[in-house]
Amino acid sequence: MKLDWQRRAVIFFAISLLILSVVLVFFAVREAEREKLLKEREIEGARRRLVETIDGRARSLIGEAEDRLLEAAKKGLKEPLPDMPLVSEVFFVDDEGQIAFLGAKPLFLLPGEMPRSREVARSLENNDRWKRAEAAEFRLGDYSQAAALYRELASKTADPALDALLLNRLARCYTKSGQPDKAISAYRQQLQIGLPDIASEGIPLEITALYQIGNIHLQRGQRAEAAGAFLELYQGLLDARWPLTRGQFESFRRLAEDLFRTTVGELEASLRADWDGRLRDLKEIEGERLAKTGVLEKVSGRLIPRMRLEARAMDPDSGKFLRIAESTDSGLLLASFFPLDTKTTLGLLLSPQVLAGGLLPPSSGKSELEEGWSVAIVDESGKAVVGQGLVPREAAAKSDDSQRVFTGAFADSFPPWTIEIHRSGAGAAERQFRLRRTIYVLSLAAVIAALFFGGFLAIRSTAKELRLAKLKSDFTATVSHEFRTPLMSIRYMAELLQRGRVRDDARKQQYYETITGESERLSRLVENLLDFSKIEAGVKEYRMEETDIAALAADVAGRFRQQAAFKDFTLETEIADGLPLISADKDALGRAVLNLLDNAVKYSGGNPRVTMRVWSAEDAVNFQVEDHGIGIAKTEQKKIFEKFYRSESALQSNVKGSGIGLPLVEHVVRAHGGTVLLESEPGKGTRVTIRLPVGPPKLRKGDEHG
Ligand code: ADP
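Everything in this summary refers to the structure shown in the same document.

How each quantity is defined
- Residues numbered from 1 in each chain as written.
- Predicted model: local features only at pLDDT ≥ 70, side-chain atom pairs only at ≥ 80, totals over all residues.
- Heavy atoms only, no water.
- Helix = DSSP H or I, 4+ residues; strand = E, 2+ residues; numbered from the N terminus.
- Buried < 20%, exposed > 50% of the residue type's maximum accessible area, 1.4 Å probe, protein only.
- Pairing = 2+ DSSP bridges.
- Axes fitted to C-alpha atoms, helices over the stretch in contact; angles between N-to-C directions.
- Contact = heavy atoms within 4.5 Å.
- Core = buried A, V, L, I, M, F, W, Y, C linked by side-chain atoms within 4.5 Å.
- Near = heavy atom within 4 Å.
- Polar contact = N/O pair within 3.5 Å; in protein donor to acceptor, adjacent residues only side chain to side chain.
- Areas by Shrake-Rupley, 256 points an atom, 1.4 Å probe, with all protein chains shown as cover.
- Nonpolar A, V, L, I, M, F, W, Y, C, P; charged D, E, K, R; others polar.
- Phe/Tyr/Trp six-rings, centres within 6.5 Å; stacked < 30°, edge-to-face > 60°.
- Lys NZ or Arg CZ within 6 Å of the ring centre and 35° of its normal.
- Parallel < 35°, antiparallel > 145°, perpendicular 65-115°, else oblique.
- Left-handed = near helix turned anticlockwise from the far one by under 90°.

## What about unusual backbone geometry?
Step number 1: Pro-415 follows Phe-414 through a cis peptide bond whose omega is -5°.
Step number 2: Within the secondary structure, Pro-415 sits in the loop between β11 (405–409) and β12 (418–423).
Step number 3: Of note, the phi angle at Phe-644 is positive, near 70°, even though the residue is not glycine.
Step number 4: Phe-644 gets classed as buried once you look at its relative accessible area, which sits at 7%.

As structure tokens, this is what we get:
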């Protein structure tokens, strides 16, 4: 069927459009995704380049320092070293692992370092005079004899080391024999020789000398002089003048400080201030040097062993330095080594702080960074060395891509830091992609909505048309049928009468009545159709005049009885007295009531008892037609006033009809300003009431004659 085809076309069209839009959106989203990927790859590249730049900077800073020092070292380090903040220490390591720092001296011997003090007394062990002198000093207690022998030995030697030892012994004898002035001058002479490395029984002779000078002064009550001697001892210790082990250094330092403090403590306040100031200065220096010694200790204890392990990899011809990083509890050690020759290796200790400070581009270099990016350099423990405002790693890992961190490392893990590039907020590419995807998806949703809505409307309108078309075709069939039945019976009876076949008068009379009734019915049918087509065309006119309702009702009842005389039914009329005159179109109203009576008989089922009532109440006149027939279902009570509509039960009981009767009734009643009331119950009957107002009706289209 044509309309079915239309509906299918609509569905087909909608589905193809839908598929097309889905495919389009799919490709658009894919394209946007590809673009985002490209952009992201670009960003990835930029980030990698940034990491490379920072790494390159580290390499060039370190390389420059190495080259300059290597050059200076090759020249024998004769000229003062160039000023390089990056290099915190320079040192040389010999093939035995002995280490010599340039410019920096540890306060005491580092682990593994050989003691460098000389026990000069050993060279005299077999000397006869020396033996006698010692015997005089220690066994006999003859100090003048001992002193004479020591002096004699001194006059015979040209070795300043022996000289210093003998002066020391001489001074001791003077002290023991109660000659403090002589003792002090002998110790001073010994100190002037200036050999810090000679020792007796492991204790440097200079330390003994200074300690004794201080003590002698103290015993004589010369506190200022004593304090001076102890301070000298303290100063010498801090200058690392003597080769001491760590334990020795610490006990001598404590001794010197304690002696100094007790000596000064008993001085007058005015004199004390100056001494206290000097001690404070020394303590400050002590702090710095201890810290430095700690670093040097770690260089020798941890870096040098590693360097010696990897020394084989070092090749002087390659010109390449061996770089070693070592983290310690007091910070990171960065060192670089180069073999100067088969015996000596040059070492540099680099300052991590200075290196870090030189890595990030200054503010002018910000252009290397995209908007919203930040760079930080983070050490092994996750602490920022440079840069700030960073998200802790765990949090960054958990959060979405808006906080993604890109990390890079330095070549050879030197320095062993991580370069972190952060991006706050989603990147431009991601943002753009999301926006585009949203737009595509929304447009797709809009298309789908429009398609559904349009399709729904189209299908609904075709469905309505379809129903109307069916009703119309049914209508044509029924109307033809309605015409054919009475026409055939008229023709049949007329033929019989014409041929004179009917002799019985009563029979003849009945035929005539039937012929009249049927033709009346036909003409009413024609009038109904005419009225209907006029109403449809909007040209139906009503001829209003003063009408006696009682007379009209009686006339309609009479005409109906006559028309339907051959049918089996009873019509009771209850027409009230004293009905008012109303303004009405007699013909139209009469036809409307006839239609109601016709329906009452047609749908009477097995109970053809019809009642027509007319009465007036409250400024209105009521026509009522009641039957006890098949009734109308609730759901259909509104629909039966639509044109061509016929109820299910009517169709089932095979009652002929056109579906235009009730629409006509409603139109006529409305034209009179009245209302139609339908009460019905399936199987019990129907009651239709027309209520017409008394008084001039409202004019409607075509009511000009009212
Ligand atoms: P028709 O020519 O079919 O009678 P109408 O417009 O007069 O057309 O009526 C429309 C439909 O209303 C009928 O087909 C019938 O189904 C239903 N109808 C009308 N009057 C009655 C009634 N008195 N009892 C039962 N059904 C009725």
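Still more to cover.
## Focus: the sheet that holds strand β16 (residues 609–617)
Sheet strands pair via backbone hydrogen bonds, and the direction of the pair is either parallel or antiparallel.
Step number 1: Read from one edge of the open sheet, five strands run β14-β16-β17-β19-β18, paired in mixed fashion. Of all strands in the sheet, those with a lone pairing partner are β14 (570–575) and β18 (675–681), marking the two edges. On average, each strand axis in the sheet is tilted by 15° relative to the strand beside it, whichever way the strands run.
Step number 2: Here β18 runs beside strand β19 (residues 685–693); their pairing, made up of seven bridges, is antiparallel. Opposite Glu-679, over in β19, you have Arg-687 as the bridge partner.
Step number 3: Those strands touched by helix α15 (residues 586–602) are β14, β16, β17 (620–627) and β19, and its axis lies near 25° from that of β17.

## Description of the nonpolar core
Step number 1: In terms of nonpolar packing, the biggest core is built from 55 residues, with Trp-130, Tyr-150, Leu-165, Leu-237 and Phe-260 touching the most fellow members.
Step number 2: Listed by contribution, the elements that provide at least two residues to this core are α2 (128–140), α3 (143–156), α4 (160–176), α5 (180–193), α6 (205–219), α7 (223–238), α8 (246–265) and α9 (269–310).
Step number 3: Within the second largest apolar cluster, 43 residues are counted, among which are Ile-582, Leu-596, Val-621 and Val-688.

## Quick word on the site of the ligand
Step number 1: Lining the immediate environment of the ligand, one finds 20 residues, of which Asp-627, Arg-646, Ser-647, Ser-658 and Leu-662 sit closest.
Step number 2: Residue Lys-602 places a side-chain N or O atom 3.1 Å away from an oxygen atom belonging to the ligand.
Step number 3: Contacts to the ligand include Thr-686, whose side-chain N or O atom sits 3.4 Å from a nitrogen atom.
Step number 4: When the free accessible area of the ligand is taken as 520 Å², the share hidden by the protein chains comes to 96%.
Step number 5: Listed by contribution, the elements that provide at least two residues to the shell around the ligand are α15 and α17 (661–671).
Step number 6: In terms of residues, the shell around the ligand owes the most to one element, α17, which gives three residues.
Step number 7: For the shell around the ligand, the per-class residue count stands at nine nonpolar, eight polar and three charged.

## Examining the pairing of strand β7 (residues 331–339)
Step number 1: Burial analysis of β7 places eight of its nine residues in the buried class, the great majority of the element.
Step number 2: Judged from the seven bridges that link them, strand β6 (residues 322–328) and β7 form a sheet pairing that is antiparallel. By the bridge assignment, Glu-326 is partnered in β7 with Leu-333.
Step number 3: Between β6 and β7, which pair antiparallel in sequence order, lie two residues.
Step number 4: Sheet analysis places β7 next to strand β8 (residues 345–350), joined by six bridges and oriented antiparallel. Following the sheet pairing, Phe-337 is matched in β8 by Gly-347.
Step number 5: Linking β7 back to β8 in an antiparallel pair, the connection comprises five residues.

## Looking at the packing of aromatic side chains
Step number 1: One pass over the structure, following the stated rule, counts ten aromatic pairs.
Step number 2: Geometrically, the ring pair formed by Phe-321 and Phe-338 is tilted, given 4.9 Å between the ring centres and 40° between the ring planes. Taken together, the positions of Phe-321 in the loop between α9 and β6 and Phe-338 in strand β7 put the pair 17 residues apart, joining distant regions of the chain. By the burial criterion, Phe-321 is buried, and Phe-338 matches it.
Step number 3: Here the aromatic residues Phe-91, Phe-101 and Phe-337 are joined through ring pairs into a cluster of three or more.
Step number 4: The ring of Phe-433 has Lys-36 sitting right over it, with the charged end atom 4.7 Å from the ring centre.
Step number 5: Lys-540 extends its terminal NZ or CZ atom over the ring of Tyr-542, reaching a point 5.0 Å from the ring centre.

## Here's the deal with α2
Step number 1: Listing the buried residues of α2 in full gives Trp-130, Ala-133, Ala-135, Ala-136 and Glu-137.
Step number 2: Buried residues in α2 make contact with α3 and α4.

## Structural notes on the packing of α6 against α7
Pairs of packed helices are described in terms of their axes, by the angle between the two and the distance that separates them.
Step number 1: As a packed pair, α6 and α7 sit with axes 7 Å apart at the nearest point and diverge in direction by 160°. By the angle between their axes, α6 is roughly antiparallel relative to α7. Crossing handedness for the pair α6 and α7: left-handed. Note on element contacts: α7 touches α6 through Arg-223, Glu-225, Ala-226, Ala-229, Phe-230, Glu-232, Leu-233 and Leu-237, opposite Ile-207, Leu-210, Tyr-211, Ile-213, Gly-214, Asn-215, His-217 and Leu-218.
Step number 2: Class assignment of the residues belonging to the contact of α6 with α7 gives a composition of ten nonpolar, three polar and three charged.

These values are about where atoms sit, not about what they do.
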